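So you can see what is in the structure, the chains are spelled out below.
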Amino acid sequence: MIVSFVLTLVICFKITMKTTTDGLFPLCKIDRAFPSSIDLIHGFSLGSIATYGTIIPQSPLVEIGKEFTATCVLYKAAKATAEDIFWMLKNVTVPKEQYTKINDSAVSVTITITNETANWLFCKKKGSPSSLNLIQVIHGIILTKGYPPEKPMNLSCMAVQSGRRISSNVTCTWQPGTRDERLKTTYTLFGNLIVSNKSSNAHRSSGYIDFGTFPSFMELAMWVEVENKLGKVRSDILDIYASDLVKTNPPSDVNIISENNFSRTILVSWKHPIHVTYVTLKYNIRFCTVGSGEWTEVPPNDTESYKESFRLQYLKPDTEYVVQVRCMHHMGNGYWSDWSANTTARTPEDKPTSKPDLWRVVIPSQVKSERRVQVMCKDPVESNGRIRGYSIKIQDGNWETVAVNDSDLDSRSQERKIIPLYQIPWSDKRRGLIELKAWNSVGESPQASLVIPKLTEEPPSVESLSWFTQEGRLWVKWQPPNVIATGEPYRSEVTEYVLECVSVSDGAMDWQREHRHTRTAAIKGNLQKFIRYNISVYPMYSGWTGKPLTIAAFLEQGAPLEGPSVKVRRRGKNYAELEWMEIPLDKQRGFITNYTIFFITGGKEHSIVVSTDTYSYTVKRMASNSKYVVRVMASTVQGSTNSSDLSFNTLMYTPGQIEVIVVSVCISFLFSVVLTVLCIYKMDSIKKKIWPPVPDPSNSTIAKWSPDFPSKADTPKESALGDVSIAEVDVFDRKSLCEEDKAGLPLKKDKYLSEEHSSGIGGSSCLSSPHQSVSDSDEGGDEGQTTASTVQYSSVVASCGYKGQTPCPLPQSGSSQMPSFARSESTQPLLDSEEHPEGPGSHQRYLRNPYFGRLPGRNDSHSGDLEDLNQMEMKKQGLASRQFCPLEEDFQQTTPTEECQSPDGQPGSDPSYMPQLSGYRPQC
Amino acid sequence: MSGHVKNMYPQLSISQAARTLLSLLLVAAIDSVNAGVACRNQQCRSPIQRSSKLTRLIHMESVDLLKIYKASQGDMSELFCQMPNDIVPDPNISGLDPSERMLSIYSHCKAFLPHLKRVTEQQRDLQPPSSPLLNNLTTAQYRTSGLANQINCIYQTLFPNLPIPLEPVDGRTSIYPSQNVFQQKVYGCVVLKNFKELLSQITHELRTIKNQMCKSRTFAYTNALF
């Protein structure tokens, strides 16, 4: 038993190793070749390696698109039946429908191989419920997928010349299959001759066979075989005569011979690249002028024969030609050789065979009734050599010769240069004929002529002229002139048209001639983009130059090179006039279609589009005293270009507004001055007008009348002092008021201030105060309210300070002094005279004499009176103060208010009555 | 060189036997090829023209070959070519009618092949490997073999009812005795000179046959004649 186990291990190890190299899982691969071993491993397993069965076939090559059948065979160790077997392609279970039960221990599966089919195919069995692994792998195989080889197509072979013979190597190319070659594929090229068979390995699409000696004039069979593990396929056999595979070298020693007397032909010679016994060749020749690149091929029939020279004909004189030659089998079999290297030669000169291109440019002259004519020309188209000079004759003059320097003209260049010949003054009334001939080293050209007519007899111009671009070229289109000319000095038929093209930028000009039936022509020459050209069409009448019709055109338009130059011409409070210059023509690069004005203020941009002929614009409705940024954009059909930004401020005032204000102010000032002077001079009369003279009661006879002086002294002091005191306070400053208060306190006039104010004319009086009404209402509010519209005449004889602003004098004795209040119920408006009643019946406590409102010390006629009055009152007050102010010291100590201070903040000095500074006394 | 020959003598006998065997095998191979030659073109003019061109090519190359041979043999090369040699086939084409002359062309081509081969082998011992003579000799064999096959095809095409004898009609292809260097040089020169002459005659004959057989007769008429 132990020996059997060891033997089994050895066998299984060997098989495992082999299987691993095949790319399988390390499964123990044991097939029917080892029945004894199978029997030995009953009930054994080696780690994860188990030998439950096998799959037939092993490691198969499968063809994509075909069906493949594999069979799983169970061993006894599997302890399973065919019912337990299932197949998996990698991780996908193959449906049961594809299974075929062969017997109790074998099941086959058939699958269709595709590109997506997994490479691994597993045979598995369902494990017993008691086992750890419910599913166990019996065996697995890897499917190597691929396609069978594809048939090569289009086999062709070639044998090139090597030295003086044909190379023994025959190279073939073919088109391989298009499918992906998954499998290793070999290509073999076969060549079969009667005398020998050859083969060689080849690449996928090419190969060669070395025959040792090229089988000239022998039949040859060539084919390709393609083989891989899925099959072998052979291309079609190429039965061919070996000579048909030949590609020789190009002809050697190609030479061109130019002969002097044959200016339009050259002789081409060459040598055969290979001996005629190998290949009989035919040739092919092509030629072109130097630089053109447009080859002209000699008709093949002319060079079919086996020759070594050929004469090219119908060439241009004095032109350098390039010639190439090639060859191939004369029967057309095989391949053309490569072209030989370039060989160049120049044909000899011949005399010019066409006219020089004569033209003129009329230059306006500053001399009246005269022009200047610039005569110019181009070489004849068929100059047939280098033009050495020109012979020119003007009208009846002699022929003059104009030699052309070598540096001025190079007939070998493709471009025909313009040669200025003469510039002569030409009268407007002169008609003349200009004749011109060109000559080279061989001879003269035919004669060209041009008539310059009188200014008044110029033939008509074309009817209309337009332009367009097409395929990168500039075209002009015109309508022929409507000529109904009889009796004119020129023939009425247009013989040709001359198109003159002048560059605006640099003044370069060129002209070209068109057939008389032409109506549309492309401008020749090297026109530049974005350049403005003036194109003129001249109808020609048998040498007579008609009037031109000119139009501006662009080959291609673009955005202007620069924007217009903008400046502010004028600006005002609400407008600005902008002005810009036209962009120079050479910088416009197109037709200006419009201008767009952009102006920006406060971060907002506005634009205005104006026409192309506008070069100034007034922007209106601008904000005054604001900063504006302005630019002007010039536009063409292809783009726009902005000018540089221009900043400016609008004005604060319109022009003249400042002057009006200044003048007004000056006038007002002047008026004020005059008025003031007048007032000063007319003060008395004005004063009299405003303040009519009031009789001074003090000067009245009654006042002076004093029959009994003591009686006057018996007048109650209260009344007399009160009147005087109040008048003093009202007129002078607060200091005085303090003094007054001090004087008034003993009088115990609690409401004298209110009384004083309320003595005005209700609300209309400047002396009235709402506080008065309040204080009044305390006494009789209802009545005050109901009689608000009436003028109350009232008078307070004596009262305390209003609402405590002025402290009431403390009662010195037990008998309080009640204020007397008199009130008038009259609603009659006050008159000046009434407001200051002089009648003895009134209870006027003090006089509101207007004079009291005036500043003391004013120089007027009554100043003396007032001083007298004041002095008198001051005397009275001083007397009263000495008599009615016992609490003066207490008051000053207990109520040290500002009112009792001087205006400069210093406490008042001795209580005295100072002149009042204002008309009314402010309340303390 | 003589020493070389002397030393090589025993080897020559061995190699000669081998060469003889190879020659027999080559002849057998050519014969077998001949027996199975598939002549594709059943027309008249083109095969003859092509054979004529091939003949001219071989002839041109044989001229060059003879020059190269003489140049590569050193001094006395002209003398070698003037000496008679009986074992080299006669280059003259024999026969009275086209079929016989065609058959004679074929037989001569076949007859010269072993001689060319033998000269090639001899010169391979006498010339450096890079000598163009060897290459040209090989080319001559190659082309001559091809020409023989073409003649065979033409013969079968023109004379389908006349069998081609397995052995050449004239010329000997027997095994030749061993030769020293002098004899080899003489032999080689004579072979090449006769070979050139043969090709010249074949060129002439083919032109004649073409004119006779393809000018006015159709293929069917030719078959009826023979």
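Residues numbered from 1 in each chain as written. Chains lettered and ligands numbered in written order. Predicted model: local features only at pLDDT ≥ 70, side-chain atom pairs only at ≥ 80, totals over all residues. Heavy atoms only, no water.

The name given to chain B in an unreviewed UniProt entry is Ciliary neurotrophic factor, and the organism recorded there is Hucho hucho. As stated in UniProt under Function (unreviewed entry), the record for chain B gives "CNTF is a survival factor for various neuronal cell types. Seems to prevent the degeneration of motor axons after axotomy." A UniProt comment under Sequence similarities (unreviewed entry) is attached to chain B, and it reads "Belongs to the CNTF family." (UniProt positions renumbered as here; feature names shortened; annotations may be inferred.)

Chain A is annotated in an unreviewed UniProt entry as Fibronectin type-III domain-containing protein from Hucho hucho. In its Sequence similarities (unreviewed entry) section, UniProt records this for chain A: "Belongs to the type I cytokine receptor family. Type 2 subfamily." Here is the UniProt Subcellular location (unreviewed entry) comment for chain A, exactly as written: "Membrane".

Student: Now, about unusual backbone geometry: what can you tell me, with residues and values included?
Tutor: Most peptide bonds adopt trans geometry, and most residues besides glycine take a negative phi value. All names here are of chain A. Omega for the bond connecting Ile56 with Pro57 falls within 30 degrees of zero, at 5°, which places this linkage in the cis form. Tracing the backbone shows Pro57 in the loop between β1 (53-56) and β2 (61-63). Although it is not a glycine, Lys90 adopts a positive phi angle of roughly 60°. As for its placement among the helices and strands, Lys90 is situated in the loop between β4 (85-89) and β5 (92-93). Of the residues examined, Lys90 reaches a relative accessible area of 47% and is grouped as partly exposed. One non-glycine residue with positive phi stands out, namely Asn384, at about 60°. With respect to the helices and strands, Asn384 occurs in the loop between β29 (370-378) and β30 (389-394). Here Asn384 falls in the buried class, since its relative accessible area comes to 7%. (Helix = DSSP H or I, 4+ residues; strand = E, 2+ residues; numbered from the N terminus. Buried < 20%, exposed > 50% of the residue type's maximum accessible area, 1.4 Å probe, protein only.)

Student: Any details on the interface of chain B and chain A? Residues and values, ideally.
Tutor: Each partner contributes residues to the interface: chain B has 20 residues there, and chain A has 22 residues. The contact between chain B and chain A buries some 1900 Å² in all, and 56% of this surface belongs to carbon and sulfur atoms. Inspection of the chain B/chain A interface yields two salt bridges. Across the pair Arg165 of chain A and Glu61 of chain B runs a salt bridge whose closest N-O atoms are separated by 3.9 Å. At the boundary of chain B with chain A, the tally comes to six residue pairs in polar contact (both at pLDDT 80 or more). Within the residue set of the side of chain B that touches chain A, elements represented by two or more residues are α2 (45-72) and α5 (132-158) of chain B. Sort the elements by how many residues they give to the side of chain B that touches chain A and α5 of chain B lands first, with eight residues. When the residues that make up the side of chain B that touches chain A are grouped by side-chain class, the tally is seven nonpolar, seven polar and six charged. (Contact = heavy atoms within 4.5 Å. Buried area = accessible area lost by both parts, 1.4 Å probe. Salt bridge = Lys/Arg side-chain N within 4 Å of Asp/Glu carboxyl O. Polar contact = N/O pair within 3.5 Å; in protein donor to acceptor, adjacent residues only side chain to side chain. Nonpolar A, V, L, I, M, F, W, Y, C, P; charged D, E, K, R; others polar.)

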